[in-house]
Amino acid sequence: MHWAEEIAKKIIARNPNKEEYVCAAGISPSGSIHIGNFRDVATSYFVYKALIRMGKKARFLFSWDEFDRTRKIPVNVSKVNSDMEKYIGYPYVDIPNPFKDSDCKTYAEYFEKEFEASIGQFGIDMDYRHQAEMYRSGKYAKYVIEALQKRGEIFDILDSHRTQDAKEGEREAYYPVSIYCPHCHRDTTTITELSEDCTKAKYQCKCGHSGEFDFTKDFNCKLAWKIDWPMRWLYEKVDFEPGGKDHASIHGSYDTAKDIARKIFNFEPPLFQGYEFIGIRGTTGKMSGSSGLNLTPETLLKLYQPEVLLWLYSKTEPNKAFDFCFDDGILRQYFEFDKMYEACKNKTAEDYMYDVMYYSQVEGREIQTVPMGLLVQLGSVVDFNNEMLEVVFEKIGTPYKKEEFADRVARAKFWLEECSPESVNRLRKNRNWDVYNQLNDLEKQEIKELYNYISKGGYTLDELQVELYAIPKRVRGIVDESKELKQIQGVYFKNVYKLLIDKEKGPRLYLFLYAINPEDYKKLLDFSTPATPEELTKVEEVVEEVKVEKVYGEPDPVEPVKKEITIDEFLKVDLRVCKILKAQEIRKSANCLKITLDDGIKERVIVSSIKNDYTCEELIGKKIIVVANLQPARITGVTSEGMLLAGTNNACGCQIIFVDDIVPVGTMIK
């Protein structure tokens, strides 16, 4: 049984006679929606589909948390408009759209429409809720007042789920709601007085504005997240909602919210499923973090067909991780998808495969399993000319038509050019005299005969293939096939590749030479005229990544040396070399990264506040020093099993201490 159906069965068992079941998900439009957030959507969507499959009426609810306060401005937005920091503290829905090429009126609307357009490609139909409209229409007013009336009880629940003791007077000063200031539009207000029935309040804003607020008719306010979440469960009658594993941890958001649901709003909270975060593998080439390409569903759909993306989520239980691959692992993923798809199509699959594929389907689309690896290999040969690809496929005995590979060929080209540009075969601009001058007379004669044959033209693909193998035989007067001939032909092909594409090997040479226009390359084989000044001048192409220069200040004062310790005391600290396997952002954390390490014995996870200093991509594969025997601690909802060593100074920011790759993982630092 598919994991979504197991969850659906539990939902039905909890409330077997409910007329309509509600599966929920939600995201804040704080910027372009990262593909990692899509697991929230996919998990709830599959459970919704499972309920429908079981004959139940169900609704898939999606909340745009656009009434949340703005905490930071994404880099891509700052590049468009450097003046966006002034909107920190505004609700996203009240910030003007910074993108001049869009008709959207607000910041929130821009990122909502961006995400909704990509969701449409998955065939997912969601019932959207816009939380700014819900709050400001007064739909939640009675729940806001109820929360104010029970604010002491809410504080006690929140306090029971945190490790620090409450400060004196903190309970009395606690209010579970934030008022957006009508003057500065921010949530930087403090309630200074509340009426006995909790319907009216006086407040003071940091901007200097003060006023009165009537919760029965003034609705420009919002409950705090851990009270807002269960309130919406109650209002929408939610039966299921997933969340990241940070929310699922002990004393995490769900633990707190379910207590508030039961003790404050008097209802049983919905079934919850925590999910593991998504990994990114092989962000190389142009897809690096500095390139500005956001890992949104829209970006992933340029690489993955929607069915393949859904398949990755469908075949992996929510509490297990998987990776999106920007390296050649993506070709393996396509291969595995095609294998399962064909097995289901041919009725030879195992039972669970049919379930996995059921949840991967997009209505109205039919998959053609043209091998992605072949499209990459042969597409590069013919410069992704669809008509020529048909010819090549016919030649190698797999007569795929362009209608069959049209949905994948653009994705193959995008992957090759954006993620693996070093694999692209590009013709040189000028003749390679350095290579030519190193050839002996027979090898030069082989190049001359190839040039003459290409220049003459009028050959077929088969004739070109025969001639390529015949030239070395003819030049050297070899009659019989032999091992020596194969070696000579191999060197000949290598020479041609180096003269054309600066590589010793490449795509099948006869296909390559037939697929591209001879006028584009035959000049690279003609050494009958002297070298030009341009060819004699070696020009090295330097590709520079655009990096934002960080500005640092004056060095911090040098601190005095701490109290002396003995060598025995120092040796109690277990410092060891670890290798970074994964680095991931942590949802709702502005500063921290979750780093998965190999410490030589096992994998361990640490949390470090280096998000503003390093990208995930530049950390993967690096070796660092970690305090391995530091007592584990919960940081931003993740258990951290150690601490990395770094130097932090106003003059340099945070600089991790990296270790030379020659040092084995697990090595002790003494």
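Residues numbered from 1 in each chain as written. Predicted model: local features only at pLDDT ≥ 70, side-chain atom pairs only at ≥ 80, totals over all residues. Heavy atoms only, no water.

Draft legend 1. Here's a closer look at the overall build of the protein chain. Counting its secondary structure elements, the protein chain contains 26 helices and 22 strands. For the protein chain, the C-alpha atoms occupy an extent of roughly 105 × 70 × 50 Å along the three principal directions. Residues counted as buried form 49% of the 670 residues belonging to the protein chain. Counting contacts in the protein chain only where the partners sit at least 6 residues apart, residues at least 24 apart contribute 68% of the total. For the protein chain, the exposed area adds up to about 34,400 Å²; of that, 49% sits on carbon and sulfur atoms. Within the protein chain, the 108 negative side-chain charges are centred at a point lying 2 Å from the centre of the 94 positive side-chain charges. (Helix = DSSP H or I, 4+ residues; strand = E, 2+ residues; numbered from the N terminus. Buried < 20%, exposed > 50% of the residue type's maximum accessible area, 1.4 Å probe, protein only. Contact = heavy atoms within 4.5 Å. Areas by Shrake-Rupley, 256 points an atom, 1.4 Å probe, with all protein chains shown as cover. Lys, Arg positive; Asp, Glu negative; His and termini not counted. Charge placed at Lys NZ, Arg CZ, Asp CG, Glu CD.)

Draft legend 2. Spotlight on helix 20 (residues 461–476). The first and last C-alpha atoms of helix 20 sit 24 Å apart over 16 residues, in line with the 22 Å expected at 1.5 Å per residue. Approximately 35° is the largest bend angle found in helix 20, and it occurs at A470, with the proline P472 only one to four residues beyond. Buried residues along helix 20 sit in contact with helix 16 (386–395), helix 19 (441–456), helix 21 (483–501) and helix 22 (509–515). (Expected span 1.5 Å × (residues − 1). Bend = angle between axes of the 7 residues up to and from the residue.)

Draft legend 3. Spatial organisation of unusual backbone geometry. Not every positive phi belongs to a glycine, and K347 is a case in point at roughly 60°. Residue position: K347 is located in the loop between helix 13 (329–345) and helix 14 (351–358). A relative accessible area of 66% means that K347 is categorised as exposed. Positive phi values are uncommon outside glycine, yet D502 reaches one of about 60°. Checked against the element boundaries, D502 lands in the loop between helix 21 and helix 22.

Draft legend 4. Highlighting the state of the cysteines. Evaluated as defined, the whole model comprises 0 disulfides. The thiol of C198 is not disulfide-bonded; the next cysteine sulfur, from C221, is found 13 Å away. Classification of C198 as buried rests on a relative accessible area of 5%. (Disulfide = S-S within 2.5 Å.)

Draft legend 5. Layout of the pattern of salt bridges. Using the criterion set out here, one finds 44 salt bridges in the structure. Of the charged contacts, one joins D323 and K582 as a salt bridge, the two residues approaching to 3.3 Å between their closest N and O atoms. One end of the pair, D323, is in strand 12 (residues 323–325); the other, K582, is in strand 13 (residues 575–585), with 259 residues separating them in the sequence. We classify D323 as buried; its relative accessible area is 18%. Salt bridges sharing partners connect three or more residues here, namely E20, R59, D127, R129 and E236. (Salt bridge = Lys/Arg side-chain N within 4 Å of Asp/Glu carboxyl O.)

Draft legend 6. How the structure looks around the sheet that holds strand 7 (residues 210–214). Pairing in this open sheet of 3 strands is antiparallel, and the strands run 5-6-7 from one edge to the other. Across the chains shown, the open sheet's two edge strands, defined by having one partner strand only, are strand 5 (189–194) and strand 7. Taken over all neighbouring pairs, the strand axes of this sheet differ in orientation by 30° on average, direction set aside. Bridge count between strand 5 and strand 6 (residues 200–205): 5 bridges; the pairing is antiparallel. Considered in strand 6, the bridge of E193 is made with K202. (Pairing = 2+ DSSP bridges. Axes fitted to C-alpha atoms, helices over the stretch in contact; angles between N-to-C directions.)

Draft legend 7. Examining the packing of aromatic side chains more closely. Tallied over the full model, the rule gives 51 aromatic pairs. Centroid distance F155 to Y174: 5.7 Å. Interplanar angle 55°. Geometry classified as tilted. Highlighted residues: F155 in helix 7 (residues 151–160) and Y174 in the loop between helix 7 and strand 4 (177–179), separated in sequence by 19 residues. Assigned by exposure class, F155 and Y174 land together as buried. Taken together through their ring pairs, the aromatic side chains of W3, Y45, F46, Y48, F60, Y358 and Y359 make up a single cluster. We note K315 situated over the ring of W311; from NZ or CZ to the ring centre the distance is 4.9 Å. Positioned over the ring face of F658 is K622, at 4.9 Å from the centre of the ring. (Phe/Tyr/Trp six-rings, centres within 6.5 Å; stacked < 30°, edge-to-face > 60°. Lys NZ or Arg CZ within 6 Å of the ring centre and 35° of its normal.)

Draft legend 8. Seen up close, a nonpolar patch on the surface. The grouping of I565, I567, F570 and L571 at the surface amounts to a nonpolar patch, some 390 Å² of accessible area in total. Position of L571 relative to the elements: it lies in helix 25 (residues 567–571). (Patch = residues over 30% accessible without salt bridge, like charges linked within 9 Å, V, L, I, M, F, W, Y side chains within 5 Å.)

Draft legend 9. Representation of the pairing of strand 1 (residues 21–27) within the structure. The buried fraction of strand 1 is high, at 7 of 7 residues. The alternating pattern of strand 1 places Y21, C23, A25 and I27 on one face and V22, A24 and G26 on the opposite face, and all of these are buried. Pairing between strand 1 and strand 2 (residues 58–64): 7 bridges, direction parallel. When the bridges of strand 2 are listed, A25 appears paired with F62. Each parallel crossover has a hand, and the one from strand 1 via helix 2 (residues 38–53) to strand 2 is right-handed. (Right-handed = clockwise from strand over helix to strand, strands pointing away.)

Draft legend 10. Quick look at the packing of helix 13 against helix 14. Orientation of helix 13 relative to helix 14, taken along the N-to-C sense of each, is 110°, at an axis distance of 10 Å. When the interaxial angle is binned, helix 13 and helix 14 end up roughly perpendicular. In contact with F337, M340, Y341, A343 and C344 of helix 13, helix 14 contributes Y352, M353, Y354, V356 and M357. The residue inventory of the contact of helix 13 with helix 14, partitioned by class, reads 10 nonpolar, no polar and no charged. (Parallel < 35°, antiparallel > 145°, perpendicular 65-115°, else oblique. Nonpolar A, V, L, I, M, F, W, Y, C, P; charged D, E, K, R; others polar.)

Draft legend 11. Molecular detail of the side chain of D187. Along the chain, D187 falls in the loop between strand 4 and strand 5. Polar side-chain contacts of D187 include one of 2.8 Å to the side chain of R69. Not counting residues within four places of it along the chain, the set of residues in contact with D187 comprises R69, G89, S178, I179 and Y180. (Polar contact = N/O pair within 3.5 Å; in protein donor to acceptor, adjacent residues only side chain to side chain.)

Draft legend 12. Structural context of the environment of E519. As for its placement among the helices and strands, E519 is situated in helix 23 (residues 518–521). Reaching out from E519, the side chain makes a polar contact with the side chain of K522 at a distance of 3.1 Å.

Draft legend 13. Region of interest: helix 8 (residues 225–236). In this model helix 8 runs 16 Å from its N-terminal to its C-terminal C-alpha over 12 residues, within 8% of the 16 Å that 1.5 Å per residue would give. Buried within helix 8 we find I227, D228, W229, P230, M231, R232, W233 and E236. Trailing helix 8 by a residue or two, K237 shows a phi angle of about 55°, which is positive.

Draft legend 14. Up close: the pairing of strand 13. Relative to strand 16 (residues 623–627), strand 13 is paired through 5 bridges, and the arrangement is antiparallel. Paired with V577 across the bridge in strand 16 is I625. Bridge count between strand 13 and strand 14 (residues 593–598): 6 bridges; the pairing is antiparallel. Directly across from I580, in strand 14, lies its bridge partner L597.

Everything listed is a geometric property; what it means functionally is a separate question.
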